[in-house]
Number of protein chains: 2
Amino acid sequence: MAIRPAEQLIHKAAWLYYAHGLRQDEVANQLNISRASVAMYLRKARETGIVNISTSTQLFTDDVMARKVEDAFGLDAVWIAPENAYLADPSTDIAVLAASVFLELVKKGDRIGVAWGRTVYTIADIMSFADLQDVTVVQLCGNLGAPYSYRPDQCTMEIARRLNAKGLNFYAPLVLSTEGLAKSLRGEPVIRDQLAGIADCDLALYSVGAVDADSHLVKCGALSPAEMEALRSQGAAGVIAGQIIDARGEVLDCSYNRRVISAELASLRAIEKRLMVVQEDTKFEPLLAAIAGGLCTHLVVGAHMAERLLQHAGAAIKKAS
Amino acid sequence: MAIRPAEQLIHKAAWLYYAHGLRQDEVANQLNISRASVAMYLRKARETGIVNISTSTQLFTDDVMARKVEDAFGLDAVWIAPENAYLADPSTDIAVLAASVFLELVKKGDRIGVAWGRTVYTIADIMSFADLQDVTVVQLCGNLGAPYSYRPDQCTMEIARRLNAKGLNFYAPLVLSTEGLAKSLRGEPVIRDQLAGIADCDLALYSVGAVDADSHLVKCGALSPAEMEALRSQGAAGVIAGQIIDARGEVLDCSYNRRVISAELASLRAIEKRLMVVQEDTKFEPLLAAIAGGLCTHLVVGAHMAERLLQHAGAAIKKAS
DNA sequence: CACGGCTCTCGACAAAAGTCAAATTTACAT
DNA sequence: ATGTAAATTTGACTTTTGTCGAGAGCCGTG
């Protein structure tokens, strides 16, 4: 950390204010500094995670719909963000909820796998700071060197920063031009270790991508729109940690996937808590695929998506009977 | 819980304010209520534990002295409240710290054993509310029916209330007049179950009492000052959960102990995290006894007490060499 | 159906917290 | 030693929050 005396002061101010319930001016003359400084220290304390303000996410799981989705898909826990009921921008609401849920799921000493995407980055961005000890955040997939603001390593690093945790980045590109090169790279000790460490995670945070021209994979140049379309007709249903999955949630057998450096789905499934967050309603099928593939134990979605999931489950039951 | 609509509103207000960072007036017209109501809801949210504000207790463990005490006595974690550096009343500071530490140690689904005493009651009294799910608070010792404000069952209940947890009380007196009656009572199914359940706790919270006329045991009439003095000369060194222990931290072999209904020390030792809090400097020897008996893995004390502990440890080492 | 007693809500005021530009200190390179 | 840039601190100001008594709505009861 930075300078000791400052840290110490922040901590003392936070302690007197939040734990003992003194007023700012009382804290100020306890510590012989101005009230303005106290206010500043307190802000820093909040930003650093020395004090933690968290709101229970109970309400969002207590929902009957959430329970139904849990039952219908065999998930451990589901949170539903009530759409447009609260705020102008519903996707922000989902991200805020996801961040809270995420912070609730993280424990001291945990190892956390983080994938990549707009959703994950949004979450990282609005997530409040926490002072977890002994936490490691590992990147689940290789990097996309695109001129993009949310790169995989940025997601990892930002979340690590907010948790006061150690960030373990992947020093490899997400996609290589030949299968052979990808294979060799995967064999490299540095990369190999990183990949092997993924199954040891306690918690994973990711979203699922759609298989269309709007996908990051296309925008970052990993695949052309035409290639994406081709994959789609080959059965591609979604994107997880940079890999293409089919409707059953298995890795699609295609050249692209063989050229990717990313967590194996088996490793992901080995992670105890897999938190999946889906913001866009268009990602219905990708989400179904991810759930089918057992890539998600904890789910955060909007109300609309939850309804579609339930409709789908209902239809499936009818069809079966 | 109480009425649903009110709960719902509190939750929504808390969510918008704390998670989304809106101002109170913004929340107010989102929910179409007055700002004053919002302020009120937010207070309730804090009081209910729907929002949690916690300050890291890091600083108090980071202390070099804390580390030394940990090493010298083989404890898992030690927190030291800097005496008089902060506030007028140092004992409050210890209690506030203890409450924070306690809340940090509690996990969802835990079973918590709580003993009895002024210290424990003070902690219960200043502890902030939390919305833990699935937590059970069990009483570690029988009741003292004295006209006292902090009775064992009150400690248990108050803590349970603050945690939104289930409280399991002991429906038996702490001390009986004959050994035979105590034995029979211990055999009663209700009591037997309660006693058996203690070893299953994940966390215990207690203090240690001194063997003198100021002890609660004397004040509540369980023992006369003369009896206390006699026990002292027989080797009594402290009081844990209503039982008299000797300097090694074992149950003293005496009639009083055989007439007591309380957790067996073996059960207490079976609890993973044993948080002991000592406020008074006079409880030095009782604390040593408790530590010697392995009744404490996590310790919260004042700076002065910590120094005495270290001195003692230093002296013991010198003597040995 | 009128009546206390009850809780809930709001407006207005008081208190507290946040903010910002200027002043002061500190750190460091010259 | 000395000037300069960066960081810290502060007083004065604004905005936000807390509080309290008055009034409105609600219910069971006589």
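Here the structure is a predicted model, which means the values were calculated and not measured.

What counts as what
Residues numbered from 1 in each chain as written. Chains lettered and ligands numbered in written order. Predicted model: local features only at pLDDT ≥ 70, side-chain atom pairs only at ≥ 80, totals over all residues. Heavy atoms only, no water. Least-squares fit on C-alpha atoms with pLDDT ≥ 70 in both. Contact = heavy atoms within 4.5 Å. Near = heavy atom within 4 Å. Polar contact = N/O pair within 3.5 Å; in protein donor to acceptor, adjacent residues only side chain to side chain. Helix = DSSP H or I, 4+ residues; strand = E, 2+ residues; numbered from the N terminus. Pairing = 2+ DSSP bridges. Axes fitted to C-alpha atoms, helices over the stretch in contact; angles between N-to-C directions. Nonpolar A, V, L, I, M, F, W, Y, C, P; charged D, E, K, R; others polar. Buried area = accessible area lost by both parts, 1.4 Å probe. Salt bridge = Lys/Arg side-chain N within 4 Å of Asp/Glu carboxyl O. Buried < 20%, exposed > 50% of the residue type's maximum accessible area, 1.4 Å probe, protein only.

**Observations regarding the relation of the copies chain B and chain A**
Under the fitted operation, chain B is carried onto chain A by 0.0 Å of movement along the axis and a turn of 180 degrees, and the coordinates agree to an RMSD of 0.1 Å. Taken together, the rotation and translation relating the two chain copies correspond to the operation of a two-fold axis. Among all residues of chain B, the minimum C-alpha distance to the rotation axis is found for isoleucine 53 of chain B, at 2.2 Å. Most of the interface of chain B is mirrored in chain A: 100% of its interface residues are interface residues there too.

**Examining the protein's contact with DNA strand D**
Taken together, 14 residues form the shell around DNA strand D, and within it Ser34 and Tyr41 of chain A together with Arg23, Gln24 and Arg35 of chain B come nearest. Backbone atoms, meaning sugar and phosphate, form 64% of the atoms of DNA strand D found within 4 Å of the protein. Take arginine 23 of chain B: an N or O atom from its side chain is 2.7 Å from a phosphate oxygen of DNA strand D. One of the side-chain N or O atoms of glutamine 24 of chain B is found 2.5 Å from a phosphate oxygen in DNA strand D. At the level of elements, helix 3 (35-48) of chain A together with helix 3 (35-48) of chain B are the ones that each hand at least two residues to the surface near DNA strand D. When residues of the surface near DNA strand D are assigned to their parent elements, the largest contribution, five residues, is made by helix 3 of chain B.

**Points about the sheet that holds strand 5 (residues 166-168) of chain A**
All names here are of chain A. Read from one edge of the open sheet, seven strands run 2-10-9-6-3-4-5, paired in parallel fashion. What marks the edges here is a single partner per strand, and that holds for strand 2 (77-81) and strand 5. Taking each pair of neighbouring strands and ignoring which way they run, the sheet shows an average axis angle of 20 degrees. As paired elements, strand 3 (residues 111-114) and strand 4 (residues 136-139) share four bridges and run parallel to each other. Within strand 4, the residue paired with isoleucine 112 across the bridge is valine 137.

**Side note on the protein's contact with DNA strand C**
Around DNA strand C, the structure places 13 residues, and the nearest of them are Tyr17, Arg23 and Gln24 of chain A together with Ser34 and Tyr41 of chain B. In DNA strand C, the atoms that sit within 4 Å of the protein are 67% sugar and phosphate, with bases accounting for the remainder. Tyrosine 17 of chain A is positioned such that a nitrogen or oxygen atom in its side chain is 2.7 Å from a phosphate oxygen of DNA strand C. Between glutamine 24 of chain A and DNA strand C, the recorded distance is 2.7 Å, taken from a side-chain N or O atom to a phosphate oxygen. Broken down by element, the surface near DNA strand C gets its largest block of residues, five residues, from helix 3 of chain A. Residue composition of the surface near DNA strand C, grouped by class: six nonpolar, three polar and four charged.

**So, the interface of chain B and chain A**
On the side of chain A, 35 residues touch chain B, which itself brings 35 residues to the contact. Buried area between chain B and chain A, summed over both chains or domains, comes out near 3000 Å², and the portion from carbon and sulfur atoms is 64%. If you look at where chain B meets chain A, you find two salt bridges. One salt bridge connects lysine 108 of chain B with glutamate 104 of chain A, and the closest N-O pair in it is separated by 3.7 Å. The interface formed by chain B and chain A holds 13 residue pairs in polar contact (both at pLDDT 80 or more) in total.

**Here we look at unusual backbone geometry**
Look at asparagine 32 of chain A: it is not a glycine, yet its phi comes out positive at around 55 degrees. Residue placement: asparagine 32 of chain A occurs in the loop between helix 2 (24-30) and helix 3. For asparagine 32 of chain A, a relative accessible area of 69% puts it in the exposed group. Of note, the phi angle at asparagine 164 of chain B is positive, near 60 degrees, even though the residue is not glycine. Owing to a relative accessible area of 28%, asparagine 164 of chain B belongs among the partly exposed residues under this scheme.

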